[in-house]
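# Understanding the architecture of this molecule
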Amino acid sequence: MKKTAFITGATSGIGKATAQLFAANGIRLIICGRRTELLKELKKELEPLTDVCVLNFDVRDKDIVSATIESLPKEFRHIDILINNAGNAHGLDPIEKGSLEDWDAMLDINVKGLLYVSRAILPQMVERNSGHIINIGSTAGKEVYPRGNVYCASKHAVDAINQGMRIDLNAYGIRVGAVNPGLVETEFSNVRFKGDAKRAKTVYKGFQPLKPEDIANIIFFVISQPSHVNIADLVVMPTAQASSTIVNKTI
Ligand code: NDP
Ligand code: 8X3
């Protein structure tokens, strides 16, 4: 039977590339995000390859999250794979100047949003004693860098939630693992710098960053392992990157 994957944050970057790769491999898709037009376009692109269901919601709204997931059409209710990917950094300020709105956004989306989506999907996996969850963390969840403060905190929380999920779901045969990327060129820095494309570009200047497709390939590798293999935690950086602050820029 074909598997069904639920991907949050499928409108761009890592989530979109993962949806494209999954579709090319015949995995049925539930693609989620806030930008309706982008979801519709992606559905149109991928429908020749696989069945696609669009879910349009903001992960911050817990009532909408659970109601929307409950309203899935019958043929998409059985979810085999959950990719908890939706998230972003908002701002890069020192802690004493941090914006409260940015802090709320990062904690509400990256941490609470991930929890709301997971809470709505986990019971069916528990009932079936099967499922695979991949949490997209970050190198920012493994170390803390200057002015990364609250974004790093949100990704450290994802790291803890990943471990907690794996422990609590162990008895049910559900696989849980995290993929923690370093610098990937997506819309990430555009969002962090509030649409300042020039500043966003400078983040990836002078070295070869990861592409969203690189992470999609890794996610696909993780979900393609036999059922007795669980890749619990994986960190991947561009070759030019050694840590959050050490990047070999040549230009
Ligand atoms: P993008 O900005 O390209 O994609 C972010 C995705 O998250 C979009 O599809 C966006 O959809 C979705 N999203 C954001 N906020 C919400 C929300 N409130 N409700 C629902 N969906 C939301 O960035 P990336 O692809 O780079 O980021 C994906 C994940 O990878 C994030 O968790 C990020 O922290 C992580 N990551 C990224 C790295 C990088 O260097 N790029 C490195 C390490 C981790 P929409 O706007 O349509 O709602
Ligand atoms: C994204 C990687 O270093 O920009 O999570 O925070 S970084």
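Our subject is the structure listed above.
Quick look at the structure, then.

### Some remarks on the overall build of the protein chain
- Looking only at helices and strands, one finds eight helices and seven strands in the protein chain.
- The globule rule puts the C-alpha radius of gyration for 251 residues at 18 Å, and the 17 Å found for the protein chain is close to it.
- C-alpha extents for the protein chain along the principal axes are approximately 50 × 40 × 35 Å.
- On the protein chain, roughly 12,100 Å² of surface is accessible, and the fraction owed to carbon and sulfur atoms is 54%.
- Between the mean site of the 30 positive side-chain charges and the mean site of the 27 negative ones, the protein chain shows a separation of 3 Å.

### Remarks on the packing of aromatic side chains
- What the rule picks out here adds up to two aromatic pairs.
- The ring of Phe 76 is capped by Arg 28, whose NZ or CZ atom sits 4.5 Å from the centre of that ring.

### A few points about helix H1 (residues 13-24)
- For H1, spanning 12 residues, the distance from its first C-alpha to its last is 17 Å, which sits close to the expected 16 Å at 1.5 Å a residue.
- Within the span of H1, buried status applies to Gly 13, Ile 14, Gly 15, Ala 17, Thr 18, Ala 19, Phe 22 and Ala 23.
- Here the buried face of H1 lies against strand S1 (4-7), strand S2 (28-33), helix H2 (36-46), strand S4 (81-84), strand S6 (175-181) and helix H8 (212-223).
- Where H1 ends, the next residue or the one after it, Gly 26, has phi of about 75°, a positive value.

### What about the pattern of salt bridges?
- Per the counting criterion, the structure on display carries 10 salt bridges.
- With its nearest N and O atoms 3.0 Å apart, the salt bridge here joins Arg 28 to Asp 51. On the criterion of sequence distance, the pair formed by Arg 28 in strand S2 and Asp 51 in the loop between H2 and strand S3 (52-56) is long-range, its members being 23 residues apart.
- Here Asp 51 falls in the partly exposed class, since its relative accessible area comes to 41%.
- Note that Lys 40 and Glu 37 form a salt bridge whose closest N and O atoms lie 3.6 Å from each other.

### Focus: the site of ligand 1
- With respect to spatial proximity, 30 residues lie near ligand 1, and among them Thr 11, Ser 12, Arg 34, Tyr 151 and Thr 186 are the closest.
- Contact between ligand 1 and Arg 35: an oxygen atom at 3.0 Å from a side-chain N or O atom of the residue.
- In the environment of ligand 1, a nitrogen atom lies 2.9 Å from a nitrogen or oxygen atom belonging to the side chain of Asp 58.
- Contact with the protein chains hides 97% of the accessible area of ligand 1, taken as 870 Å² for the molecule alone.
- Those elements that provide at least two residues to the shell around ligand 1 are H1 and helix H5 (149-168).

### Points about the packing of H1 against H8
- In contact at an axis separation of 8 Å, H1 and H8 are set at 55° when each is read in the N-to-C sense. In terms of orientation, H1 and H8 fall into the oblique class. Read as a crossing pair, H1 and H8 show a hand that is right-handed. Taken together, the residues of H8 that come into contact with H1 (itself represented by Gly 13, Ile 14, Ala 17, Thr 18, Leu 21 and Phe 22) are Pro 212, Glu 213, Ile 215, Ala 216, Asn 217, Ile 219, Phe 220 and Ile 223.
- Considered class by class, the residues forming the contact of H1 with H8 number 10 nonpolar, three polar and one charged.

### Focus on unusual backbone geometry
- If you check the backbone angles, Asn 129 has positive phi at about 55° while not being a glycine.
- Its place among the elements puts Asn 129 in the loop between helix H4 (100-128) and strand S5 (132-136).
- Overall, the relative accessible area of 44% leaves Asn 129 in the partly exposed class.

### Digging into the pairing of S5
- Of all five residues making up S5, five are buried, and the element is well covered by its neighbours.
- Because side chains alternate across S5, one face comprises the buried residues His 132, Ile 134 and Ile 136, and the other comprises Ile 133 and Asn 135, equally buried.
- Where S4 and S5 come together, four bridges link them in parallel fashion. If you follow Leu 82 over to S5, its bridge partner there is Ile 133.
- Each parallel crossover has a hand, and the one from S4 via H4 to S5 is right-handed.
- Bridge count for S5 against S6 is five bridges, and the pairing is parallel.

Each value, and the rule that gives it
- Residues numbered from 1 in each chain as written.
- Chains lettered and ligands numbered in written order.
- Predicted model: local features only at pLDDT ≥ 70, side-chain atom pairs only at ≥ 80, totals over all residues.
- Heavy atoms only, no water.
- Helix = DSSP H or I, 4+ residues; strand = E, 2+ residues; numbered from the N terminus.
- Rg over C-alpha atoms; globule rule 2.2 N^0.38 Å.
- Areas by Shrake-Rupley, 256 points an atom, 1.4 Å probe, with all protein chains shown as cover.
- Lys, Arg positive; Asp, Glu negative; His and termini not counted.
- Charge placed at Lys NZ, Arg CZ, Asp CG, Glu CD.
- Phe/Tyr/Trp six-rings, centres within 6.5 Å; stacked < 30°, edge-to-face > 60°.
- Lys NZ or Arg CZ within 6 Å of the ring centre and 35° of its normal.
- Expected span 1.5 Å × (residues − 1).
- Buried < 20%, exposed > 50% of the residue type's maximum accessible area, 1.4 Å probe, protein only.
- Contact = heavy atoms within 4.5 Å.
- Salt bridge = Lys/Arg side-chain N within 4 Å of Asp/Glu carboxyl O.
- Near = heavy atom within 4 Å.
- Polar contact = N/O pair within 3.5 Å; in protein donor to acceptor, adjacent residues only side chain to side chain.
- Axes fitted to C-alpha atoms, helices over the stretch in contact; angles between N-to-C directions.
- Parallel < 35°, antiparallel > 145°, perpendicular 65-115°, else oblique.
- Left-handed = near helix turned anticlockwise from the far one by under 90°.
- Nonpolar A, V, L, I, M, F, W, Y, C, P; charged D, E, K, R; others polar.
- Pairing = 2+ DSSP bridges.
- Right-handed = clockwise from strand over helix to strand, strands pointing away.

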